Amino acid sequence: MKFQKPKGTKDILPKDIHKWHFVEKTIREATKLFNFSEIRTPTFEYTELFKRGVGSETDIVGKEMYTFVDKGGESITLKPEGTAPVMRAYLENSLSAESPLHKLYYITSMFRYEKPQAGRYREHSQFGGEIIGSDSIDTDVELILLAKEVYNRCGINNFKLKINSIGKPSERKTYVNALTDYLKKHFNRLSEESKKRLGTNPLRILDSKSPDDLIITKEAPKIIEHLTKDSRNRFDLVLYELTRLGVNYEIDFRLVRGLDYYTDTTFEFISSDLGAQDALGGGGRYDGLIELLGGKPTPGVGFGSGIERLIIVAEKNGFTFGEPSSPKVYFIALNSSAKEIAFKIMMELRKKNISCETDLLVRSMKAQMREANKIGSDYVFIIGDDELKNQKGILKKMSDGSQQNVEFDKLREYLN
Ligand code: AMP
């Protein structure tokens, strides 16, 4: 029987793993520079958290969750997004008692039962950031800057930042009424999906990529026209600050998240290198979420960004993610006594953080030399009968072919 990986998943093979290591390292470096702390939450949560914290009418919860009943009869869901679990952990562990403000980041797998296509998987990885405890515009800006920093450090400079404000729930209510009235007038021309959404979540119609819907929504009332002075001011301040810091953006009135707890700023990073699934990352404020999950009203803002897509875009821009790592020295031991010595020296070198490799396939000297070349080791250290006798091996530098005899217990000094 031949097994295959489940549809929509991927293997990250050794030849590509350095890209992932580079991106993960970059995220950790950037988050450190911004003083974010890492938080790790379980791979699965009780289903109710996502129903409540994301919303049953969303595609994520309505259609895409990996949900099952466990042996104890509990409904469990594999994490489809990062914010609700972080908020659950924030509340459950009373983090607000430790500090009024938390800046948290995560790197984690997400699971969504979506139709796989380029850049869209059923298991994908995201890094995300959340700032909990302040509604200052600086928190919106700080998160945008963090995402931008990570992209820039991965060689991505040509993304587009789209931004919008959806105000407060009360403003959205009047807006949804105005939008619904407008869309009803064009009902017959809406796509079938949007006809359904008109009754459940009309805001989502603005997300629709259907050409008919796009023509209709182009002329639709815009949420920005329905914001109160305060909300509009807040949005202008965010834009002012981004401009002041030299961050380019484009206001996109379609960028509305169809969830009640979202407030004010929403943003998305788009890349033309991604094709149909062009979102590199996205986020927004969720000042109503913690209250919805049973906490005291607490403002927050967050974003999530796909790591697979980040790697796709970085590669399209010619970014190399550094070199795959290779051992510093490859030991060629030509008999069993030589092998014994080689392992001893390797043990010492590894303790000193010098990476070593030797032949584990009992290959000929020529084949071992070829292997050392192939894996890109900087040196080979050859031990045969004569070398054993003299307690000196032959150290060969692969870059120029030069070689010298080096005492076994002096090797480390030569490698430094
Ligand atoms: P979302 O929570 O849908 O805004 O997703 C945040 C980011 O995660 C997106 O901007 C994408 O970069 C990435 N993402 C979301 N869904 C997928 C998926 N199915 N496959 C790969 N990346 C995804």
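Each chain has its residues counted from 1, running along the sequence as written. For this predicted model, a pLDDT threshold of at least 70 governs which residues receive local features, and a threshold of 80 or more governs which side-chain atom pairs are given and counted, while totals over whole chains, interfaces and linings are taken from all residues. Hydrogens and water are ignored here; the side-chain numbers use all heavy atoms of the structure.

Okay, the site of the ligand next. By convention in this text, a residue qualifies as near a molecule or strand provided that one of its non-hydrogen atoms is within 4 Å of it. Close contacts around the ligand come from 14 residues, with R112, E114, Y121, A279 and L280 the closest. Under this definition, polar contacts are N or O atom pairs within 3.5 Å; protein pairs additionally need one hydrogen-donor-capable and one acceptor-capable atom, and for neighbouring residues in sequence, both atoms have to be side-chain atoms. One of the side-chain nitrogen or oxygen atoms of Q126 is found 3.1 Å away from an oxygen atom of the ligand. Contacts to the ligand include R309, whose side-chain N or O atom sits 3.5 Å from a nitrogen atom. Across the complex, the protein chains shield 87% of the 490 Å² of accessible surface that the ligand would expose by itself. Looking at the shell around the ligand, the elements with two or more residues in it are β6 (123-132), β10 (279-285) and β11 (300-306). All accessible-area figures derive from a Shrake-Rupley calculation using a 1.4 Å probe, and residue coverage is judged against the displayed protein chains alone. Under the DSSP-based scheme used, a helix requires at least four consecutive residues in state H or I and a strand at least two consecutive residues in state E, with every element numbered from the N terminus.

A separate point is the packing of helix α1 (residues 17-33) against helix α12 (residues 307-316). Lines are fitted to the C-alpha atoms to define the axes, a helix being fitted only along its stretch in contact, and any angle between axes, read from their N-to-C directions, falls within 0 to 180 degrees. Running from amino to carboxyl end, α1 crosses α12 at an angle of 110 degrees, the nearest separation of the two axes being 11 Å. Between α1 and α12, the angle falls in the class roughly perpendicular. Packed against α1, whose contacting residues are K19, W20, V23 and I27, the element α12 presents I307, E308, L310, I311 and E315 at the interface. Note that Gly is not counted as nonpolar here; it falls among the polar residues with everything else outside the nonpolar set of Ala, Val, Leu, Ile, Met, Phe, Trp, Tyr, Cys and Pro and the charged set of Asp, Glu, Lys and Arg. Looking at the contact of α1 with α12 residue by residue, the class counts come to six nonpolar, no polar and three charged. Comment on the angle field: the value is read as roughly parallel under 35 degrees, roughly antiparallel over 145, roughly perpendicular from 65 to 115, and oblique elsewhere. Any two residues whose heavy atoms approach within 4.5 Å are treated as being in contact.

This part takes up the domain arrangement of the protein. Domain limits in this description derive from either an automatic procedure or a database domain assignment. Looking at the assigned domains, one finds that the protein contains domain 1 (17-167 + 227-316) and domain 2 (329-415). For domain 1 and domain 2, the distance between their C-alpha centres works out to 49 Å.

Our next topic: the packing of α1 against helix α6 (residues 137-153). Two elements in contact, α1 and α6, have axes whose closest approach is 9 Å; the angle formed by their N-to-C orientations is 140 degrees. When the interaxial angle is binned, α1 and α6 end up oblique. Crossing of α1 against α6: the hand is right-handed. Side by side, α1 and α6 meet where F22, T26, I27, E29, A30, T31 and L33 of the first sit next to L146, E149, V150 and R153 of the second. Residues belonging to the contact of α1 with α6 are distributed by class as follows: six nonpolar, two polar and three charged. Two helices crossing with the near one rotated counterclockwise from the far one by less than a right angle form a left-handed crossing, whereas a clockwise rotation gives a right-handed crossing.

So, about the sheet that holds strand β3 (residues 67-69). The sheet built from three strands is open, its strands ordered β2-β4-β3 with antiparallel pairing. The sheet is open, and its two borders are formed by β2 (44-46) and β3, each paired with just one other strand. On average, adjacent strands in this sheet sit at an angle of 35 degrees to one another, irrespective of strand direction. By the convention used here, strands pair only if DSSP detects at least 2 bridges between them. In the sheet, β2 pairs with strand β4 (residues 75-78) via three bridges, with the strands oriented antiparallel. By the bridge assignment, Y46 is partnered in β4 with I76.

Within helix α8 (residues 192-200), the full set of buried residues consists of S194, R197 and L198. The arc enclosing the buried residues of α8, seen along the axis, measures out at 115 degrees, which places them on a common side. Across α8 from its buried face, at more than 90 degrees, point the exposed residues E192, K196, G199 and T200. Against the buried residues of α8 lie α3 (59-63), α7 (169-185) and α9 (211-218). Residue exposure (1.4 Å probe, protein chains only): buried if accessible area is under 20% of the type maximum, exposed if over 50%, otherwise partly exposed. Throughout, the arc means the angular range of directions from the helix axis out to the C-beta atoms.

This brings us to helix α4 (residues 83-92). Residues separated by three or four positions in an α-helix point in the same direction, a consequence of the helix having 3.6 residues per turn. Most of α4 is tucked away, with eight of its 10 residues classed as buried. Burial in α4 covers these residues: T83, A84, P85, V86, M87, R88, A89 and Y90. If you follow the buried residues of α4, they end up packed against β2, α2 (47-53), α5 (95-98), β5 (102-111), β6 and α11 (289-292). Within two residues after α4, S94 carries a phi angle of roughly 45 degrees, on the positive side.

Here we come to the pattern of salt bridges. Salt bridge, as used here, is a side-chain nitrogen of Lys or Arg placed within 4 Å of a carboxyl oxygen of Asp or Glu. Taken as a whole and assessed by the stated rule, the structure comprises 32 salt bridges. Residues E29 and R153 are paired through a salt bridge, measuring 3.9 Å at the closest nitrogen-oxygen approach. Here R153 lies in helix α6 and E29 lies in helix α1, a separation of 124 residues in the sequence. Given the relative accessible area of 34%, E29 is considered partly exposed. The exposure class assigned to R153 is partly exposed, which follows from its relative accessible area of 32%. As a salt-bridge pair, R204 and D207 come within 2.9 Å of each other at their nearest N and O atoms. Residue classification places D207 among the partly exposed positions, given a relative accessible area of 31%.

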